[in-house]
Each structure stands twice: as C-alpha cells, then as structure tokens.
Amino acid sequence: MTKIDAKIPEGDLTQKWTNYKNHQNLVNPSNKRRLDIIVVGTGLAGASAAASLAEMGFKVKSFTIQDSPRRAHSIAAQGGINAAKNYPNDGDSVYRLFYDTIKGGDYRAREANVYRLAEVSNSIIDQCVAQGVPFAREYGGQLDNRSFGGAQVSRTFYARGQTGQQLLLGAYQALMRQVNEKNVELHTRTELVEIVKIEGKARGIITRDLVTGKLERHFGHAVVLATGGYGNTFFLSTNAMGSNASAAWKAYQNGALMANPDYVQIHPTCIPVHGEFQSKLTLMSESLRNDGRIWVPAKKEDAEAIRAGKLKPTAIAEENRDYYLERRYPAFGNLVPRDVASRAAKERCDAGFGVGATGLAVYLDFKDSIGRLGKDTIEARYGNLFQMYEKIVDENPYETPMMIYPAIHYTMGGLWVDYELQTNIPGLFCLGEANFSDHGANRLGASALMQGLADGYFVLPFTIQNYLSDDIRTPRMSTDLPEFEEKENKVKERFEKLLSIKGELSVDHIHKELGHVMWDFVGMARNKEGLEKALKRIVEIKNKFWSNVRIPGNMEGLNSELEKANRLADFLEMGELIARDALNREESCGGHFREEFQTKEGEALRRDDEFAYVSCWEYKGEDKEPILNKEVLKFEYVELKQRNYK
Amino acid sequence: MEKSINIKLKVWRQDGPKAKGRFETYELKDISIDSSFLEMIDVLNEQLISGGNEPIAFDHDCREGICGMCSMYINGHAHGPDEDITTCQLHMRKFKDGETITIEPWRSAGFPVIKDLIVNRNAFDDIIAAGGYVSVGTGGVPDANAIAIQKEDADEAMDAASCIGCGACVATCKNGSAMLFVSAKVSQLALLPQGKVERARRAKRMVAKMDELGFGNCTNTGACEVECPKGVSITNIARMNREYLMAKFKD
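Remember, it's a predicted structure, so these values are computed and weren't measured experimentally. (Residues numbered from 1 in each chain as written. Chains lettered and ligands numbered in written order. Predicted model: local features only at pLDDT ≥ 70, side-chain atom pairs only at ≥ 80, totals over all residues.)

A. Quick look at the overall build of chain B. In terms of regular secondary structure, chain B is built from 9 helices and 7 strands. Judged by the C-alpha coordinates and their principal axes, chain B covers about 60 × 45 × 35 Å. Across chain B, the fraction of contacts at a sequence separation of at least 24, relative to all contacts at a separation of at least 6, is 70%. (Helix = DSSP H or I, 4+ residues; strand = E, 2+ residues; numbered from the N terminus. Contact = placed C-beta atoms within 7 Å.)

Below, the structure is given as structure tokens:
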C-alpha cells in the first residue's frame, strides 16, 4: 500500500493557499537557470506552465505530438471559461464558484483544491486579456458573460464559440516568445514513450521522434505531464484523433497512482452517431443551452413517425412537445449539469421518445429564442456552431431544430496528485485534464479551461519551486546513465514486439471493438453484471490485439499505424482499469451512474458513508491485479447533500 | 435514406522528404455520402492495410475544423470544393458517383513534404516566435475590465484571431506568400490596446522572419481569402502593410 498524503496546508479554507505561498520554499533566480524542467503536452495547462516557468528563469523542454503547440486539443473547447469576477453583479463570489464546483462534482473533489481554483480564477481572465485574447465585449467596452450548466449566475467569459482556441493561442504565443528567448527548447511531433526514474525521483523521459522514428533521451530535474484525458478509450468521443492516455499510463506503470478512472464525463449536446465508419463525435457547445430548449415528442406515435421520416419536428404543436429538462428541473431547466442532462436524454430515448433515424437523438430548438431575440442575435452568439452543425448534418438549425445525443467528452479521473500537483513519484507533476484533482465526479461547463490555466499559470509555478529548492545542488545528469539505457531498451522491445505480430486486424478495427464494449457496459449507465462482462471482454480484445494486430512498415520513419497501435495497447489497459474502478464504486455519483444505486426519481444515489473517497489504483505489474488505495475526502466547509437542481 | 457512391482517387504518394513523389490511383466502392472526407480516407487506409500495403500518411487531429492540422489539396482547392471549411469538415455528399478525386499535399517552398500528404509547417511557429504576441509575463497585470475596448475593435480582432494556422493561404497563393497568416496576427494585436505598445516592433520582426523563411510576396490576387476556411479577410494584409510602413517610417 502507498501512503497517501495530500499535503493540504493548515488554516481556514480561505487562507490555505495564502498560507502555502507564504511558507513554501523558493528557488532564487541564479539557481533557476541551472534547473531543467520537462513539460509534456502543450495544451492550456502545458503551454501556460512551460511559458510561465521559462519566464521565471527555469530551462524548459516542451514536447508535443502535433506539428505545432497550437494544435493541442484545448483548441477545440468552444463555450467559455469561468471566473468569479461578479462583473454582472448577480451574486457571484469565490465561495459560490467553489461551492458550485464541489456540488457540481457531486461531492467527490477535495475542498482545498477547489477553493484554490476558484480563488485564482479571476487572475486567469486578467492574464488572458493582457495577452490580447479577444473576449466578447459589451457596447460599453466591458467584458460580456453568459451562463453555463450548474450555475445560477453568469460567470462564463467567452470568445465567440472559440474560447479554447483563443486561450490556447494566448498561451501558445507566450510559449513561443520563450522559445524565441531560448528559454524553451521545443520538440514538435515528439511523443513520450517512457519515464525515467533515478533513485526514486522522476528525472527524465524517453521520446520517439514521430518523423524519423528515432528514440531520444531527455533529462529534467522535474517532469511535468499535461497530456490530457483518456476519453478515446471509448473510440468514439469528442476528443481529437491523437488524444491518448499513454503518458499517464507510463506514469502509472512507473508507480504513480491512477485516481478515479471511472469518472468519465458524457456530454449531453453532441451530434449523434451516423454510421459504423464514424471516426469521432462533434460537440455542440453547452452555451447553446442558454438559448436552446431541449425536447422530444410527448407522444410515442409522433416520435415513431419522425424516425420513419414521415413527420417533421417543426410540424409538432407546442402542447405535444415534452421539454423534459424544464419539466423535471424547473429551477435550472435546460442548464442542469452535464451528467443530469445526459441521463435525462438517455431516459427519454430508452423509453421510446427518441428522434432521428436511430431513435438515439433529442432536439435542441432555437425557435423561441430566434422569435424573442431575432436571428441576427442568435447568429452573433452561435454562428460558427450553427455552421459547423450544418456542414456535418446538412440541415439548417435556424429552421429545423438541431439533433443531439450524449457522447464521451472529458475525463475527470487521472493521475493522483497532492495539493502541489505532484504525483506520488517525487518530481513527477501532473496538470490539467490529465490529473484527477478538481472536478470530482462531474465537471461543470467552462471549468476545464479554468483548471488548465489555473494549474499552468498560477499553481505549478509556485509549487514546483517547493520541490526544486532541494535540487539546486543537483547537476544536470547524463542521459548515458543505465536508468536511461534500460528504459530505452524496454521501449525498443515493445515496438519490436508490436511490429512482429503481423496479424490480420487493423488497429482501428480492434479499437472500435474496445469502444463498443466501453460504451455499452461502462458508459452512461453501468451495473455489476455488465461491468463484469466488460472486464472479461476487454481481456479477450487485449489478447486479440497482441496476437492478431497488423501494423505495416517498421520503426524507422513516420508510421501512423505504429503510433496508433502503441496508444491502443495502453487504452486497452486503461479500459480495464475504468471498468474495475466502476465495479468497485457501489454508488452513483456525477458521471458514474450505477443502475443499482438510484433514487426513486432516477437520480444518482451517493453512499457517502462508504464511498466518500478518491480511489487510487496502484500498479502491481503486468497481469497482476492493481491495489486499491483510498484517500478519504473530508468535508469541513460544505455539507454533503443529495444534489438538487429542481 | 443512406446513399453511397463509388469513386476513384488519385493520391500523391511520397516516401520521404527527399524521395520522388508520384500519383497512385485507388478505387473505393459504397462510400456513404454522410461520411466525412477523412472518414473516406480512413476506409481507404483500412483497405490498403488489409491488402498488405502502407496506408496514406496525412495530418489530422480534432476533425472539427479548429486545430488546423488537416491540409489536403483536393481537386485543385485547398480543403476541397466546399466553402468556409477545413478538409475534415468536407463531406462526401459534395462529390458525384463515379467522380475522380485528386488529392495532393500543400505545395509551397515554405512547407516541404514529410511524407505523402504531410508537410512541415514549422515556419508558421517561427514567425509567431519572432513577434506574434504581447510581451507580457504571467502575473502583475491589471484587472480585465480596467481598459474598456470598443466592441467593434474586439469583434474585428476576433475575426482576425480566428485564423487556425492551417496554411491553406500559402498553399493557394501562386507566390507562396504567408501574408494572410502573418497579417491576421498583426491585425488582431494592433487592434487591441494591449497589443498597441509594441505594434511597430512586432510588424517589423514578423515580416522580416517571413521573408527570411522564403515565403513569396503578395500580389493582391486574393486567392488566399477565397480558400481560407475561417474567412480571414485580406483587409488584414492592407492593415499589416500600413503597420509595417509606419514602423519603417519611424526608423
């Protein structure tokens, strides 16, 4: 068993971060130059961390699998970023943002971390504006806000439907400025394939150059992973095609704990699946729920006629529409949190009221808001999203309601980190979606961007110094050390093994098979029987992969299939761990819904007496069962309640 | 309801940066018109792999038109025949049954081919590194609402900032000019008070880097604007020219 110490600072909730900053150890400027930090990933968390650390004087090595840091998948975040500015004067505060986040996460996140997140949220907006991020503004020149799910205030800042893009470009530009100053050494099209530990501390990584195929060794006094989530375990998700779990999985195999892997967010408003050849799912921003109303036909015969293509949604009279979110949750209406909205859509479709050719879709309708505000206003707010929808579905959402259905979107689980964002491996830090820390069992909309940038701009730059202050006398180490050699050989063996299989099935074929099992049994509704079945099936698929996958080409040069196979091997392990965690957690909370544990109204039923803990899985070796460690969550400032959005 | 088509593809294949390239022809049957262009390539690759051949290497990632990674030159157009989209947003319903589709990589001196349809666009990062930012470090900045910004300026800055850095403008330009890309960043930051402080330095440094990296000149053909998936306007080029001239004039 690993001893778990979250290192939460002393003092009142509102004073913890201040106390921490007042008492942590720092590294002076002349010593910073002598310390190397490896940052893997260039999304919001990675790029903001790499830029900030380099500005402070550390020597940073930044790695991305894409051809440019600007392509990281943070770029695709649409709706916005939360902050407790209270500019609209509608009653917001740091405490309220903290409370909404804890409640939205179904009371499965650490109070101290979430409070700090809310506390630094305002600085993020200031920082981004100073960088030239073109946030939406009012005619008076002030910043505009809108609402997102799980909140009764308007605290979301946005740049049209491209907020993630604009925030990432801000961080990317800050990073490129440091590349220009030679404080950051940038490695594009380079993938982490192993983590190197020396005397128990993370001291480097092995990478593969995705163009030449060469393996390379890199030393760092500390290693920071900001490599995103593992949503692609499900094959179909809103993640980018290249998003993967491999860096986190390597950390896990090297002894880092994997926390709450079963907390997977299923986003309610995605464009429905249209065929077996589908490669990914496209999200329609949650911001659309500000002005769109979600409904299905109230009569089954109408739903059937629509599915058969005999009836159009616009022909259904108002009284024959079931605005089920407004009906079930009058206080929050269409803006209930994502997990609640997703389950409600599934419930209606399972009951036979779904629309679209497959019956696995509900409507998101802008008729009323276009009537109230005019088409121009709606176009100004969501024009690019409407265009995106039309290009994919070939229907005009200004005239006919959008069809949407839930899809895998974000993973709240990830590598376990303490208050300093350090994993249990000394010197190995983890930021953004890749860690588990702030969202509990369900993330609120517009909070991923907030957390990524909080970690990178305002948390890690402080906390990493507390660790590195002990390292100021540690010289840069040679990458000829046996620890590097051993890990590189291990990687070589793995790639050779993959290439030697020469089977008959493509990587995608096997990945799709895994995806089906994950979605059917480890998706929106889970139960013991299904999860046990999934665990068996995943092992079978794993065996199939390792005996029958076909990877053309060799290790030299660019080989996309080899890259994909290497990542799928880790997704298969990750899938198994997600199912194992879901089986262990005999309660429902947030994105984790166990059918055996629900209230009479079909809401998630938590069991705080037994499960108010973070599950921290410890790797014990190939083909061995991992050990479950528990970090008990203590709630000193909020009272645990059944979530109520009615 | 589902309709499918049969198509022929002429695809540029090139084993490596220095290898000689060639067109290869492939036939595909029963492609759903609801599938995206890249999903059609997935099907082709699946077919190639099962026949023991190497799949076509191509850049792609988000598949929702925002990362800027996908970069195919289809039937003589960057990102293909549809308007205001990237390759990944192109759907097969835009093609006819029996049609032959020609696919090439971006072709430009500034973007050397790495393999098949993948090109090297690091030059864009180098141009941004030369000055495409506000030189502000983390922390110590004023409140976000301290400086009011006219809505019109913020909106115009956002129009320019919507560039995804895909390089379609360069691939389309007969001179291989990167002016649309560079001017979009110069404009965005020149329009905002935060970026005005170092506007002269920025314009000079970004233009100098662009020239150094071998991109061609702008001769106002406007082709870049037509093919830009995000509708970035060439009025940005005019603004950059003004910025640049004013900066030089001050020298």
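B. Structural context of the overall build of chain A. Secondary structure assignment for chain A yields 18 helices and 19 strands. Rg of the C-alpha trace for chain A: 24 Å, near the compact-globule value of 26 Å for 646 residues, within the 12% margin. Across its three principal directions, the C-alpha atoms of chain A cover 75 × 60 × 50 Å. The proportion of buried residues among the 646 residues of chain A is 59%. Considering only contacts within chain A whose residues lie at least 6 apart along the sequence, 75% involve residues at least 24 apart. (Rg over C-alpha atoms; globule rule 2.2 N^0.38 Å. Buried ≥ 20, exposed ≤ 12 C-beta atoms within 10 Å, placed from the backbone.)

C. Structural view of the sheet that holds strand E6 (residues 190-198) of chain A. Residue and element names in this part refer to chain A. The sheet built from 3 strands is open, its strands ordered E6-E7-E8 with antiparallel pairing. A strand with exactly one partner marks an edge of an open sheet, and here the two such strands are E6 and strand E8 (215-219). Along the sheet, successive strands turn relative to each other by an average axial angle of 25°, direction set aside. Judged from the 5 bridges that link them, strand E7 (residues 201-209) and E8 form a sheet pairing that is antiparallel. Residue pairing in the sheet places Thr 207 in a bridge with Glu 216 of E8. Packing of helix H14 (residues 482-501) onto the sheet brings it into contact with E6, E7 and E8, and relative to E6 it is tilted by some 140°. (Pairing = 2+ DSSP bridges. Axes fitted to C-alpha atoms, helices over the stretch in contact; angles between N-to-C directions.)

D. Broad picture of the interface of chain B and chain A. Counting from both sides, the interface comprises 69 residues of chain B and, opposite them, 67 residues of chain A. With 7 residues, helix H1 (residues 37-50) of chain B is the single largest residue contributor to the side of chain B that touches chain A.

E. Seen up close, the domain arrangement of chain B. All names here are of chain B. As assigned here, chain B comprises domain 1 (4-115) and domain 2 (121-250). Using only C-alpha atoms to locate each centre, domain 1 and domain 2 end up separated by 29 Å. With 17 residues of domain 1 at the contact, the number on the domain 2 side is 18 residues. Its residues assigned to classes, the side of domain 1 that touches domain 2 shows 7 nonpolar, 8 polar and 2 charged. (Domains from an automatic or database assignment. Nonpolar A, V, L, I, M, F, W, Y, C, P; charged D, E, K, R; others polar.)

F. Structural view of the sheet that holds strand E16 (residues 414-415) of chain A. Residues and elements named next belong to chain A. Sheet architecture is open: 4 strands sit in the order E16-E10-E18-E19, paired in antiparallel fashion. What marks the edges here is a single partner per strand, and that holds for E16 and strand E19 (627-632). The pairing of strand E10 (residues 258-259) with strand E18 (residues 613-618) spans 2 bridges and is classified as antiparallel. Directly across from Ala 259, in E18, lies its bridge partner Cys 616. Along the sheet, helix H17 (residues 560-584) contacts E10, E18 and E19; its crossing angle with E18, the most-contacted strand, is approximately 140°.

G. How the structure looks around H1(B). Taking 1.5 Å of rise per residue, 14 residues should cover 20 Å, and H1(B) covers 20 Å from first to last C-alpha, within 8% of that figure. Along H1(B), the positions that sit buried rather than exposed are Phe37(B), Leu38(B), Glu39(B), Met40(B), Ile41(B), Asp42(B), Asn45(B) and Ile49(B). Elements that come into contact with the buried residues of H1(B) comprise helix H15 (507-522) and H17 of chain A together with strand E2 (22-32) of chain B. Just beyond H1(B), the residue with positive phi is Gly52(B), at close to 80°. (Expected span 1.5 Å × (residues − 1).)

H. Fine view of the nonpolar core. Residue and element names in this part refer to chain A. Grouped together as the largest cluster of nonpolar side chains are 283 residues, with contacts concentrated most on Val 224, Leu 225 and Leu 415. Per-element tally for this core: the top contributor is helix H13 (residues 448-468), with 12 residues. Discounting residues that sit within four places of it in the chain, Leu 225 has contacts with Val 40, Gly 41, Ala 247, Ala 248, Ala 251, Leu 415, Cys 430 and Ala 434. (Core = buried A, V, L, I, M, F, W, Y, C linked by C-beta atoms within 7 Å.)

I. How the structure looks around the environment of Leu535(A). Residue and element names in this part refer to chain A. Inspection of the secondary structure puts Leu 535 in helix H16 (residues 528-548). Under the C-beta neighbour-count criterion, Leu 535 is labelled partly exposed, with 18 such atoms within 10 Å. Taking the C-alpha atoms as reference points, Leu 535 and Gln 131, separated by 404 residues in sequence, lie 48 Å from one another. Ignoring anything within four residues of it in the chain, the contact list for Leu 535 reads Glu 576, Ala 579 and Arg 580.

J. Fine view of helix H6 (residues 163-180) of chain A. Residues and elements named next belong to chain A. Across its 18 residues, H6 extends 26 Å between first and last C-alpha, which sits within 8% of the 26 Å expected from 1.5 Å per residue. When you tally the buried positions in H6, you get 17 out of 18 residues, the bulk of the element. Positioned one or two residues after H6, Lys 182 has a phi angle of 65°, which is positive.

K. The pairing of E18(A), seen in detail. Pairing geometry for E18(A) and E19(A), over 6 bridges, is antiparallel. For Ser615(A), the partnering residue across the bridge sits in E19(A) and is Lys630(A).

L. Up close: the domain arrangement of chain A. All names here are of chain A. When the domains of chain A are assigned, the result is domain 1 (13-263 + 412-471), domain 2 (268-408) and domain 3 (482-617). Of note, the centres of domain 1 and domain 2, computed from C-alpha atoms alone, are 32 Å apart. The interface of domain 1 with domain 2 comprises 22 residues on the first partner and 24 residues on the second.

M. Highlighting unusual backbone geometry. The phi dihedral of Phe235(A) is positive, around 60°, even though this residue is not glycine. Position of Phe235(A) among the secondary structure elements: in the loop between strand E9 (222-225) and helix H7 (246-253). A positive phi is found at Asn75(B), a non-glycine position, where the angle reads about 50°. Structurally, Asn75(B) can be placed in the loop between strand E3 (72-74) and strand E4 (77-78).

N. A look at the packing of helix H3 (residues 44-56) of chain A against H6(A). All names here are of chain A. Contact geometry of H3 with H6 gives a least axis separation of 8 Å together with a crossing angle of 35°. For the element pair H3 and H6, the recorded crossing hand is left-handed. Listed contacts from H6 to Leu 44, Ala 47, Ser 48, Ala 50, Ala 51, Ala 54 and Glu 55 of H3 are Leu 167, Leu 168, Ala 171, Tyr 172, Ala 174, Leu 175 and Gln 178. Grouping the amino acids of the contact of H3 with H6 by side-chain chemistry returns 11 nonpolar, 2 polar and 1 charged. (Left-handed = near helix turned anticlockwise from the far one by under 90°.)

O. Representation of the environment of His91(B) within the structure. Assignment of secondary structure puts His91(B) in the loop between E4 and strand E5 (100-105). C-beta crowding within 10 Å serves as the criterion here: with 22 such atoms nearby, His91(B) is assigned to the buried category. In the structure, His91(B) is positioned 52 residues away from Glu39(B) in sequence and 8.9 Å away in space, judged by C-alpha atoms. Those residues in contact with His91(B) that sit more than four places away from it in its chain are Lys391(A), Asp34(B), Ser36(B) and Phe37(B).

P. Structural context of the environment of Ser71(B). All names here are of chain B. One can find Ser 71 in the loop between H1 and E3. With 18 residues separating them in the primary sequence, Ser 71 and Asn 53 have C-alpha atoms 23 Å apart. Other than its neighbours up to four places away in sequence, Ser 71 contacts Asp 59, Thr 87, Trp 106, Val 119, Cys 166 and Gly 167.

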